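Below, each chain spelled out in residue letters.
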Amino acid sequence: MTPLKSKLILLSCLLVLTGSRNNDLGIYPCGIGDQKSVNEILARTEKTLKTNPNDTDALFERSYALFINGQINEGMTLCEKLLTLENTFRSRDLHYRILKRVGKFDQSLADTEIMMRSEKETAFLLTCQFMKATFLYRLGRTQEALALCEDVSKDLSEDSEVFFLKALCYNRLNDKKKELESLERAISIAPTNSQYRLNRAINLSSSNKDRAIRDLNLFCALNPKHTPENNIQLEYAFSFSKAAAMFLEMKEYARALELCKMGLAQGEEKYELWKTQAQALIKTGKTKEAQDVIQQAETWLNEQDTLLNAAKQDKQ
């Protein structure tokens, strides 16, 4: 099997396991896929590693299955063992994905640069460059990320994610005009992407309320109503709360409440959603329900304070 064919097979496996490269921006929810398949991989690789603890294929499969199943620490431990046995594209690729998930973007950037130095295939090198740009963005090195995006977009002119990352960079640089241009390009390539619609709505909220509301309505229609059982990336927090807050500001109270409900079901950070939910309920005259939400939020905050104080005492 040629190196290129091996990489193509690996890429197809990664896409099946993780959904799409969109997840690498840390924006979209990442489901665990077919639970039966994940459980089968875990059972099979456990058996293999009992016989041969240094089986690199089994280590890779098990580490990736643990990772997408939400068992991040266990996945990282096996991946680090894998790196001691092989320094390959697949092991580095998995390593930086796990590092990204736990927010260690400096280490992710280092892994990406190692991969770029050894990568020869143009398509994979472009992917590595794009990933490097995402990590530079996460580390606050926005101008560097934007420059790399500009360079990569010449070859990836039909990749919506490149233009979305450019939009995020322009947003951070407070260039709303260029941010909107990049979002328009991303949406023209991927018109059903709900996150692009939300970001454009935010951009247009002060200049074109009608278009912003249309995008917000599309965000609602396109976003699946996840259940608490879904394995949601932590970085995905605040999308529903942002949309809900925008509907509240635009006096679209029923929509705001709908978004709060969706966000709570999806597992977003609760406090911001509760705050918007209570305000929308008050605006619609549902004072008793608003008081219940406020009480729920206060109870949660007290619980967080208790946990924080306990953690401080443990450190002492």
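Residues numbered from 1 in each chain as written. Predicted model: local features only at pLDDT ≥ 70, side-chain atom pairs only at ≥ 80, totals over all residues. Heavy atoms only, no water.

A. Geometry of the overall build of the protein chain. Looking only at helices and strands, one finds 16 helices and zero strands in the protein chain. The burial tally for the protein chain puts 47% of its 316 residues in the buried class. Across the protein chain, every contact between residues at least 6 apart in sequence was considered, and the portion connecting residues at least 24 apart equals 56%. Carbon and sulfur atoms make up 52% of the accessible area of the protein chain, which amounts to about 16,400 Å² in all. (Helix = DSSP H or I, 4+ residues; strand = E, 2+ residues; numbered from the N terminus. Buried < 20%, exposed > 50% of the residue type's maximum accessible area, 1.4 Å probe, protein only. Contact = heavy atoms within 4.5 Å. Areas by Shrake-Rupley, 256 points an atom, 1.4 Å probe, with all protein chains shown as cover.)

B. Fine view of the packing of aromatic side chains. Enumeration according to the criterion identifies five aromatic pairs in this entry. With a centroid separation of 4.9 Å and an interplanar angle of 35°, the aromatic rings of phenylalanine 164 and tyrosine 196 are classed as tilted. Here phenylalanine 164, found in helix α9 (residues 160-172), pairs with tyrosine 196, found in helix α11 (residues 194-204); they are 32 residues apart in sequence, far enough to count as distant. Both residues of the pair, phenylalanine 164 and tyrosine 196, belong to the buried class. Following the ring pairs from residue to residue traces out a cluster consisting of Phe60, Tyr64 and Phe67. Note that arginine 172 overlies the ring of tyrosine 137, its terminal NZ or CZ placed 3.8 Å from the centroid. (Phe/Tyr/Trp six-rings, centres within 6.5 Å; stacked < 30°, edge-to-face > 60°. Lys NZ or Arg CZ within 6 Å of the ring centre and 35° of its normal.)

C. Local environment of the side chain of arginine 62. Tracing the sequence through the fold places arginine 62 in helix α3 (residues 56-68). No salt bridge is formed by the buried arginine 62, whose closest oppositely charged neighbour, glutamate 46, lies at an N-O distance of 4.7 Å. Not counting chain neighbours up to four residues away, the residues in contact with arginine 62 comprise Leu42, Thr45, Glu46, Leu49 and Leu78. (Lys, Arg positive; Asp, Glu negative; His and termini not counted. Salt bridge = Lys/Arg side-chain N within 4 Å of Asp/Glu carboxyl O.)

D. View of the side chain of serine 63. Of note, serine 63 is situated in helix α3. Contacts of serine 63, omitting those with residues within four sequence positions, involve Gly75, Leu78, Cys79, Leu94 and Ile98.

E. Quick peek at the nonpolar core. Leu216, Phe219, Phe240, Ala243, Phe247, Met250 and Leu259 are the most contacted members of the largest nonpolar core, which has 30 residues in total. At the level of elements, α11, α12 (209-222), α13 (239-249), α14 (253-266), α15 (270-283) and α16 (287-315) are the ones that each hand at least two residues to this core. Sequence-distant contacts of leucine 216, defined by excluding residues within four places in its chain, comprise Leu198, Ala201, Ala243, Met246, Phe247 and Met250. Counting residues in hydrophobic clusters, the runner-up holds 28 residues, among them Tyr137, Leu146, Leu148 and Leu165. (Core = buried A, V, L, I, M, F, W, Y, C linked by side-chain atoms within 4.5 Å.)

F. Local environment of the pattern of salt bridges. In this structure the tally under the stated criterion is twelve salt bridges. Here arginine 44 and glutamate 40 are joined by a salt bridge, their closest N and O atoms 2.9 Å apart. Of this pair, arginine 44 and glutamate 40 are both found in helix α2 (residues 35-51), four residues apart, which corresponds to roughly one turn of the helix. Judged by its relative accessible area of 33%, arginine 44 falls in the partly exposed class. The closest approach of N and O atoms between glutamate 144 and arginine 141, which form a salt bridge, is 2.9 Å.

G. Structural detail: the packing of α13 against α15. Relative to each other, α13 and α15 sit at 20°, their axes nearing to 9 Å. Considering their axes alone, α13 and α15 lie roughly parallel with respect to each other. Judged by the twist between their axes, the crossing of α13 over α15 is left-handed. Residues Phe240, Ser241, Ala244, Ala245 and Leu248 of α13 lie in contact with α15, whose contacting residues are Glu272, Leu273, Thr276, Gln279 and Ala280. By residue class, the composition of the contact of α13 with α15 is six nonpolar, three polar and one charged. (Axes fitted to C-alpha atoms, helices over the stretch in contact; angles between N-to-C directions. Parallel < 35°, antiparallel > 145°, perpendicular 65-115°, else oblique. Left-handed = near helix turned anticlockwise from the far one by under 90°. Nonpolar A, V, L, I, M, F, W, Y, C, P; charged D, E, K, R; others polar.)

H. Just the packing of α9 against helix α10 (residues 176-189), in detail. Interaxial distance between α9 and α10 falls to 8 Å at its minimum, and their mutual angle equals 160°. For the element pair α9 / α10, the angle class is roughly antiparallel. For the element pair α9 and α10, the recorded crossing hand is left-handed. For the pair formed by α9 and α10, the contact residues are Ser160, Phe163, Phe164, Lys166, Ala167, Tyr170 and Asn171 on the first element and Lys178, Glu179, Ser182, Leu183, Arg185, Ala186 and Ile189 on the second. In terms of residue class, the contact of α9 with α10 is made up of seven nonpolar, three polar and four charged.

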